[in-house]
Amino acid sequence: MAKASTSLSKCHVTEKQTTQNPKPHPHWYSPETGIYRSKHPSVELPSDPCLDVVSFVFSHQHNGVSALIDSLSGSSISYPELFPLVKSMASGLHNAGISKGDVILILLPNSVYYPIVFMGVLYLGAIVTTMNPLSSVLEIKKQITDCNVCLAFTVPENVEKLQALGIPAIGVPENLNLDSKQTTFSAFYKLISGCFDLAPRPVIKQQDTAAIMYSSGTTGTSKGAVLTHKNFIAMVELFVRFEASQYEYSSLDNVYLAVLPMFHIYGISLFVVGLLCLGSSIVVMRKFDINAVIKALDRYKITHFPVAPPILTALTREVKNVGGSSLKSLKQVSCGAAPLSRKFIEDFIQTLPHVDFIQGYGMTESTAVGTRGFNTEKFQNYSSLGLLAPNMQAKVVDENTGSFSPPGSSGELWLRGPAIMKGYLNNVEATISTIDKDGWLHTGDIVCFDQDGYINIFYRLKEIIKYKGFQIAPADLEAVLISHPEILDVAVTAALDEESGEIPVAFVVRKNGSRLSPEAVMDYVSKQVAPYRKVRKVVFTNTIPRSAAGKILRRQLRNFITNRL
């Protein structure tokens, strides 16, 4: 979710000011425990331990008509069709030998079929893991080995790659067609169109694993965040349904444009799971293209457009250029997944003043639940990340002293609540370093609460790079680079970039006598990783700055970039 940047001056309170002008602590903050509580009333979550998220989503009654609409063709899947298709998918997988606890890989771009596959797997009690469809063979091999994947859904061009890795793969069509007599994609149509009876259905508990979503966490290489059915149910209630309850307009009249990738926790939370319990319509775009976005916004009378910062800046620029399109149907743009500068926020608000703009904060490890901002007459601080979500608690901890920080003082954000992951897959050490014994998720982000309970974020302790909203772990790129025969040492860090948010920059120590060029380094990496993870700049250096313990001092590298590049 969004990690917006803003000025330290809004929240910073010096020690002298605190002493001379003490303020009473608000009721939502306890100075004794250091715990911040949500200002929103608590939401009652389902108590039945044997409840899966799919049954929960479809238990909500509404009169929604079109559920999923393909943006290119206009073809749609209606709400009356949706749950039967999910059940057919679950039954078909069961008949194909998939059982509760098996892990299924979804390696797909956005598609009207994506939610059906995702929820069909979960309804069976199996587990989903997702990947960017542009991932390299090496990246795919690593994840399927880590998760013990037994079946994959993917685009036709990836079927042979997966089968070569020993994973049975089912090709998923790009276009909507529910004709079971089609010979092309027959395996997929057999799953989705069959009249199977899934009885008896396995008992699925809220504590059972639903998905393994890969995240760079606070530091290091990508790790599989284990998310349960309980986590997803909490996400639906505390993020999607709660946000919908804050506005007067009916959810049935809302039309969302799904450009954010469905393999990302933000896209999954909204388009694959959460919004389908409201009866809203979701227009699905296979890939981002700003001209196609503008056409879709007008053609489908889009009311809600969740975005990442690069999409927001492209939208603002395009609306300014075309001039004639006022996008009158658009009511709300919400931004998440990466930092967003105040300048871009102000440009958007000036360009589309009739549109509500909000930001929020969440992580893969928190199932996208954290904070959310809402536009009110009282609150117009667009750069804030909003208030804590219902049922969520927070601490702000001074990263040097470990003491609790009250409102007005900054520190590392810790989160606790029902949406926090179970832990990292097969990685006890990383789990213990991220979630402490009391259940606090250490986010690695430096924030402060203001006196009204709104959160502002300043910078990240963690090393993760956010390129156009996608997470890139420096350690993953470093592992690729160090395998080059002419590279002696390497470190990767982020450089700010106006268009992409951040880009990966590699600091490389060449072996003696090497004439390796920056272009050769970047080409070497690009052949082994997904396009969004490519190194964008190379700096040759004689040494990599490290601490006494051998840890790369990335802040020194970032300072070099700021001052020199």
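See the structure shown above.
This write-up is about the structure you can find in this document. (Residues numbered from 1 in each chain as written. Predicted model: local features only at pLDDT ≥ 70, side-chain atom pairs only at ≥ 80, totals over all residues. Heavy atoms only, no water.)

1. Some details on the side chain of E502
The topology assignment puts E502 in strand β25 (residues 501-510). For E502, a relative accessible area of 10% puts it in the buried group. A distance of 2.8 Å separates a polar atom in the side chain of E502 from the backbone nitrogen of K466. (Helix = DSSP H or I, 4+ residues; strand = E, 2+ residues; numbered from the N terminus. Buried < 20%, exposed > 50% of the residue type's maximum accessible area, 1.4 Å probe, protein only. Polar contact = N/O pair within 3.5 Å; in protein donor to acceptor, adjacent residues only side chain to side chain.)

2. So, the sheet that holds strand β6 (residues 149-154)
Strands sit in the order β7-β6-β4-β5-β8-β9-β19 across an open sheet of 7 strands; the sheet is mixed. Two strands close off the open sheet at either side, each with one partner strand: β7 (169-171) and β19 (423-424). Helix α6 (residues 156-164) contacts β4 (103-107), β6 and β7 of the sheet and is inclined by roughly 160° relative to β6. (Pairing = 2+ DSSP bridges. Contact = heavy atoms within 4.5 Å. Axes fitted to C-alpha atoms, helices over the stretch in contact; angles between N-to-C directions.)

3. Considerations on empty space enclosed by the protein
On inspection of all chains with the given rule, the structure shows 5 cavities of 30 Å³ or more. By volume, the largest cavity amounts to about 120 Å³. In terms of lining residues, the largest cavity is bounded by 16 residues, among which E243, A244, Y256, H304 and Q332 are the most central. Within the residue set of the lining of the largest cavity, elements represented by two or more residues are α8 (229-245), β12 (304-307) and β13 (332-335). It is α8 that contributes the most residues to the lining of the largest cavity, 3 residues altogether. (1 Å grid on protein atoms, 1.4 Å probe; cavity = no way out; pocket = protein on both sides within 12 Å on 5 of 7 lines; lining within 4 Å. Points joined across faces, edges and corners; volume = space filled by probe spheres on them.)

4. Comments concerning the pairing of strand β17 (residues 393-397)
The two faces of the sheet receive side chains in turn, since in a regular strand these alternate between them. Within β17, 5 of the 5 residues are buried, leaving the element largely enclosed by the surrounding structure. Pairing of strand β1 (residues 36-37) with β17 involves 2 bridges; the strand directions are antiparallel. Looking at β17, one finds that Y36 is bridged to A394. Relative to strand β18 (residues 411-416), β17 runs antiparallel, the two being bridged by 5 bridges. Considered in β18, the bridge of Q393 is made with R416.

5. Notes on the nonpolar core
If you look at the biggest cluster of nonpolar residues, it comprises 164 residues, and the most contacted ones within it are F118, F153, F188, L257, L297 and F305. If we skip the residues at most four places from it in the chain, L257 touches F271, V283, M285, V293, A296, L297, I302, H304, F305 and P306. Counting 18 residues, the second-largest nonpolar core is a separate cluster that includes V103, I140, A152 and V159. (Core = buried A, V, L, I, M, F, W, Y, C linked by side-chain atoms within 4.5 Å.)

6. Considering the packing of aromatic side chains
Tallied over the full model, the rule gives 13 aromatic pairs. Considering the side-chain rings of F118 and F232, the 6.2 Å spacing of their centres and the 70° angle between planes classify their relative orientation as edge-to-face. Here the residue F118 occupies a position in helix α4 (residues 114-124), and F232 occupies one in helix α8, the gap between them amounting to 114 residues. The pair formed by F118 and F232 is uniform in burial state, with each residue classed as buried. Among the aromatic residues, those joined into a cluster by ring pairs are W28, Y29, Y36 and F449. (Phe/Tyr/Trp six-rings, centres within 6.5 Å; stacked < 30°, edge-to-face > 60°.)

7. Focus on the pairing of β4
The buried count for β4 comes to 5 of 5 residues, which makes it a mostly enclosed element. Sheet topology note: the β4/strand β5 (residues 127-130) ladder contains 4 bridges and is parallel. The partner of I104 across the bridge, within β5, is V128. Where β4 and β6 come together, 5 bridges link them in parallel fashion. Across the sheet, residue I104 finds its bridge partner in β6, namely L151.

8. A short note on the pattern of salt bridges
Between side chains of opposite charge, pairing is possible as soon as their charged atoms come close. Evaluated as defined, the whole model comprises 10 salt bridges. Where R201 meets D52, a salt bridge forms, and the shortest distance between an N and an O atom there is 2.7 Å. Placement of R201 in the loop between α7 (186-193) and β8 (209-215) and of D52 in the loop between β1 and α2 (53-58) is noted, with a sequence separation of 149 residues between them. You can call D52 buried: its relative accessible area is 3%. In this structure, E243 engages R372 in a salt bridge whose closest nitrogen and oxygen atoms are separated by 2.5 Å. Of this pair, E243 sits in helix α8 while R372 sits in strand β15 (residues 371-372), and the two are 129 residues apart along the sequence. Here E243 and R372 have matching classes, each one buried. (Salt bridge = Lys/Arg side-chain N within 4 Å of Asp/Glu carboxyl O.)

Taken by themselves, the reported measurements are silent on function.
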